[in-house]
Amino acid sequence: MGDPIRVTVLAGGFGGARMAHGFELLGERVALSVIVNTADDLELHGLLVSPDLDTVMYTLSGEANDATGWGVRDETWSAAEMLERYGAPTWFKLGDRDLATHILRTAAVRGGGRLTDVEARLASALGVRAKLLPMSDSAIRTSVRIADGWLDFQDYFVRRHHADEALELRFSGAGDARPTPEVARAIGTADLIVIAPSNPFVSVGPILAVPGLLTLLLNAAAPVVAVSPIVGGAAVRGPAAEMMLSLGKQPGTAAGVAAYYHAAYRGLIDILAIDSVDAAESDAIARTGMRPIVTNTLIAAPDARRALAEELLALARQLAHR
Ligand code: FO1
């Protein structure tokens with residue numbers, strides 16, 4: 001059994017967590033780092049909530065609520081019911097078990113700790129093997145401009161059910177942010193870098209907007225494989241296809257994903273994994289300079305997640321002539 005393959009996944013919430021879980025399921029064969037978007041984060045009832053970090057952590061620990069795609073399974077809502085009685089906002093639901101995460105994260109960060117350090121403590125307490133790495137330890141927050149003005153991300157995404165057309169994005173705080181040393185190391189030492197099937201605009205975009213992070217990726221020795229978040233003209237979940245039109249100015253298709261990533265991050269992506277239903281788009285994708293691989297990218301079931309991870313691992317070995 002050779003050394004573990006060092007895999008670094010860039011992930012948002014839903015699709016990103018599932019892709020990362022596929023690699024976590026490969027156990028000792030993989031030394032996994034997951035660089036997670038933190039621009040969805042919000043403060044609620046005085047607590048710091050990091051939805052994508054928590055979705056990845058719960059998914060990798062096997063405790064995710066797969067039905068909702070966020071939070072913990074077998075959750076109870078006593079605290080939320082009490083908050084409701086007090087007239088506190090409850091449009092963004094925090095379950096009782098989930099609250100424990102926010103309480104400890106908030107205490108650690110308010111006490112001067114780094115988000116990276118508290119995430120490491122929480123994740124290892126839940127038995128997660130992977131290194132869960134916030135893209136940056138300083139606050140970056142996504143805002144979305146819709147027809148009648150700017151919205152905080154969760155207002156757009158949850159309160160208004162991402163029903164508004166997204167006309168522009170802003171990542172406030174990005175200018176002052178830097179990749180953490182752990183993020184830089186995870187990119188610099190990787191044998192394989194995977195851009196998960198997350199929303200290219202509001203999940204992958206903020207990660208690549210951290211000053212210096214894109215340069216680290218462009219200079220990395222490892223091949224960069226992206227997995228299309230759009231399958232058959234639609235996102236598995238969320239507004240990625242609609243945003244591909246309104247923000248990416250590309251068709252909401254797998255080929256549109258390739259064209260957008262090529263235009264926005266030229267030279268970053270070596271390989272784009274698309275689903276079998278989009279096989280006909282391979283030539284259009286190849287014309288962007290990315291090598292298309294056609295496989296099953298619908299990874300709702302753990303077996304499918306592991307199979308896709310296996311396939312990308314085999315690809316990494318091939319590319320590295322291991
Ligand atoms: N999404 C919802 O649609 N409704 C919610 O009430 C909600 C609560 C929530 C609590 C914790 C958490 O980690 C995620 C939560 N999400 C909820 C999902 C969240 O908006 C998304 O996971 C990301 O922000 C987008 O990837």
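Keep in mind it's a predicted model, so treat the numbers as computed, not measured.

## Side note on the site of the ligand
Right, so step 1: Near the ligand, the surroundings consist of Asp40, Pro51, Asp52, Trp70, Trp91, Phe92, Lys93, Asp98, Phe153, Gln154, Phe157 and Val158.
Right, so step 2: A distance of 3.1 Å separates an oxygen atom of the ligand from a polar atom in the side chain of aspartate 40.
Right, so step 3: Within the contact set of the ligand, an oxygen atom lies 2.7 Å away from a side-chain nitrogen or oxygen of glutamine 154.
Right, so step 4: If the ligand stood free it would expose 520 Å²; the protein chains cover 87% of that surface.
Right, so step 5: At the level of elements, helix H2 (51-60) and helix H6 (153-159) are the ones that each hand at least two residues to the shell around the ligand.
Right, so step 6: When residues in the shell around the ligand are grouped by element, the largest group, 4 residues, is from H6.

## A look at the pairing of strand S1 (residues 5-11)
Right, so step 1: In terms of burial, S1 is a largely internal element, 6 of the 7 residues being buried.
Right, so step 2: Bridge count between S1 and strand S2 (residues 30-36): 7 bridges; the pairing is parallel. The partner of leucine 10 across the bridge, within S2, is isoleucine 35.
Right, so step 3: Each parallel crossover has a hand, and for S1 linked through helix H1 (residues 14-24) to S2 it is right-handed.

## Some details on the pairing of strand S10 (residues 224-227)
Right, so step 1: Residue alternation in S10 divides its side chains into two sets, Val224 and Ala226 and Val225 and Val227, and both sets are buried.
Right, so step 2: The pairing of strand S9 (residues 192-195) with S10 spans 3 bridges and is classified as parallel. Each bridged residue has a counterpart across the sheet, and for isoleucine 193 the counterpart in S10 is valine 224.
Right, so step 3: Sheet topology places S10 next to strand S13 (residues 271-275); 3 bridges connect them, and they run parallel. The residue bridging valine 227 from the neighbouring strand is alanine 273, located in S13.

## Describing the pattern of salt bridges
Right, so step 1: Under the counting rule described, the total for this entry stands at 16 salt bridges.
Right, so step 2: Put simply, arginine 105 and aspartate 54 hold a salt bridge, and the shortest N to O gap is 2.7 Å. Within this pair, whereas arginine 105 is found in helix H4 (residues 96-110), its partner aspartate 54 is found in helix H2, the two being separated by 51 residues in sequence.
Right, so step 3: Taking the shortest distance from any N to any O, the salt bridge between aspartate 164 and arginine 160 comes out at 2.7 Å.

## Quick word on the nonpolar core
Right, so step 1: Membership of the largest hydrophobic core comes to 51 residues, with the highest contact counts inside it found for Ile193, Ile195 and Tyr261.
Right, so step 2: By residue number, the principal contributor to this core is helix H11 (residues 254-264), which donates 6 residues.
Right, so step 3: Not counting the four nearest positions on each side in its chain, tyrosine 261 is found in contact with Ile195, Ser198, Pro200, Val204, Ala226, Arg266, Ile269 and Met290.

## Some details on the packing of H4 against helix H5 (residues 115-125)
Right, so step 1: Taken N-terminus to C-terminus, the directions of H4 and H5 make an angle of 145°; their axes are 9 Å apart at the nearest point. Like other packed secondary-structure pairs, H4 and H5 cross with a definite hand, here right-handed. For the pair H4 and H5, contact is made by Thr101, Leu104, Arg105, Ala108 and Val109 and by Leu115, Val118, Glu119, Arg121 and Leu122, respectively.
Right, so step 2: Within the contact of H4 with H5, the residues separate by chemical class into 6 nonpolar, 1 polar and 3 charged.

## Looking at the sheet that holds strand S7 (residues 149-152)
Right, so step 1: The 3 strands are arranged S7-S6-S8 in an open sheet whose pairing can be described as antiparallel. One side of each edge strand has no neighbouring strand; the edge strands of this open sheet are S7 and strand S8 (168-172). When the angles between neighbouring strand axes are averaged without regard to direction, this sheet yields 30°.
Right, so step 2: Relative to S8, strand S6 (residues 141-146) runs antiparallel, the two sharing 5 bridges. Among the inter-strand pairings, threonine 142 is bridged to a residue of S8, identified as phenylalanine 171.
Right, so step 3: Along the sheet, helix H8 (residues 200-208) makes contact with S6 and S8, crossing S8 at roughly 35°.

Calculation notes
Residues numbered from 1 in each chain as written. Predicted model: local features only at pLDDT ≥ 70, side-chain atom pairs only at ≥ 80, totals over all residues. Heavy atoms only, no water. Near = heavy atom within 4 Å. Polar contact = N/O pair within 3.5 Å; in protein donor to acceptor, adjacent residues only side chain to side chain. Areas by Shrake-Rupley, 256 points an atom, 1.4 Å probe, with all protein chains shown as cover. Helix = DSSP H or I, 4+ residues; strand = E, 2+ residues; numbered from the N terminus. Buried < 20%, exposed > 50% of the residue type's maximum accessible area, 1.4 Å probe, protein only. Pairing = 2+ DSSP bridges. Right-handed = clockwise from strand over helix to strand, strands pointing away. Salt bridge = Lys/Arg side-chain N within 4 Å of Asp/Glu carboxyl O. Core = buried A, V, L, I, M, F, W, Y, C linked by side-chain atoms within 4.5 Å. Contact = heavy atoms within 4.5 Å. Axes fitted to C-alpha atoms, helices over the stretch in contact; angles between N-to-C directions. Left-handed = near helix turned anticlockwise from the far one by under 90°. Nonpolar A, V, L, I, M, F, W, Y, C, P; charged D, E, K, R; others polar.

Treat this as a map of the structure, not an account of what it does.
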